[in-house]
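# Breakdown of the fold
For reference, the chains in residue letters:
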Amino acid sequence: MNIIIVDNYEEMSKKAASIIMSCVVLKPNSVLGLATGSTPLGMYKELVKAYKRGDVDFSNVLSFNLDEYYGINKDNSQSYNYYMNENFFKHINIKKENTFIPSSKIEDLDQACKYYDQIINKHGGIDIQVLGIGQNGHIGFNEPDSKFVGETHLVNLKEDTINANARFFSSVDEVPKKAISMGIKSIMKAKKIVLLASGESKAHAIYSAVKGDITPEVPASILQLHPDVTVILDREAAMMLSK
Ligand code: F6R
């Protein structure tokens, strides 16, 4: 693992954006794996700025998001569809039909999960996967469990994840209890992975993911087995690594 420690969130965001940009510049039809949540917001802002400066062109890029809440309408302002559109897609020249997010629909769940993995494979797999990390070590919505789940699947969100995500909702009761997530196999098949973390609340998860045992109880620990992972941390998120 290549671990980069920077001073703050802004530096982390700039570094992540520059890695994504270089991937797209070198391969204009790159397949990006994207995350939502607070962590990548600064990276998306930097990428939008770079696009507006004319430094990067997304017209041939494809994107696959890691996850989506289950049973939520795409237009709901809490959906990850809405998040991606508001924070990234509508500001750049990516083609809408080239952006993929797991289906939030209740019907045909098995079919929709299979289709998601098939379509990633059909496009040659993910060139670069951006990941955040949950305080419990989750990546995507692959929650701590007794085994790793490979494929795109329905997840029952853990109470700590529901509580952590409640900050985006008016009350904890409104947070969906289930989500569709890309599985560990699809994440691990990405050619390159960039894991981002900022703040003290992520320090323990980062320590366990980077230095702990490889276990499904800390889903991010599987990344130790990937040949090309860059971890970008601010000082707080990295604070336990020197111990
Ligand atoms: C989001 C995702 C999650 C988040 C994680 C951290 O698409 O896959 O794994 O990356 O929950 O969320 P934040 O960045 O809000 O702390």
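Whatever comes next refers back to the structure up there.
Residues numbered from 1 in each chain as written. Predicted model: local features only at pLDDT ≥ 70, side-chain atom pairs only at ≥ 80, totals over all residues. Heavy atoms only, no water.

Now for the sheet that holds strand β8 (residues 178-181). Strand order in this open sheet of three strands is β4-β8-β7, and the pairing throughout is antiparallel. Strand pairing shows two members of the sheet lacking a second neighbour, β4 (67-69) and β7 (153-156), which therefore form its edges. Mean inter-strand twist for the sheet, computed between neighbouring axes without regard to direction, equals 30°. Across three bridges, the pairing between β4 and β8 is antiparallel. (Pairing = 2+ DSSP bridges. Helix = DSSP H or I, 4+ residues; strand = E, 2+ residues; numbered from the N terminus. Axes fitted to C-alpha atoms, helices over the stretch in contact; angles between N-to-C directions.)

Two aromatic rings, taken as a pair, are described by how far apart their centres are and by the angle between their planes. By the definition in use, this model includes twelve aromatic pairs. Seen from their ring centres, Phe-64 and Phe-100 are 4.6 Å apart, and the 10° between their planes marks the pair as stacked. Here Phe-100 lies in strand β5 (residues 99-100) and Phe-64 lies in strand β3 (residues 62-65), a separation of 36 residues in the sequence. Phe-100 shares its class with Phe-64; the two are buried. Seen in terms of ring centroids, Phe-88 and Phe-89 are 6.0 Å apart; in terms of plane orientation they differ by 35°. Their pairing is tilted. (Phe/Tyr/Trp six-rings, centres within 6.5 Å; stacked < 30°, edge-to-face > 60°. Buried < 20%, exposed > 50% of the residue type's maximum accessible area, 1.4 Å probe, protein only.)

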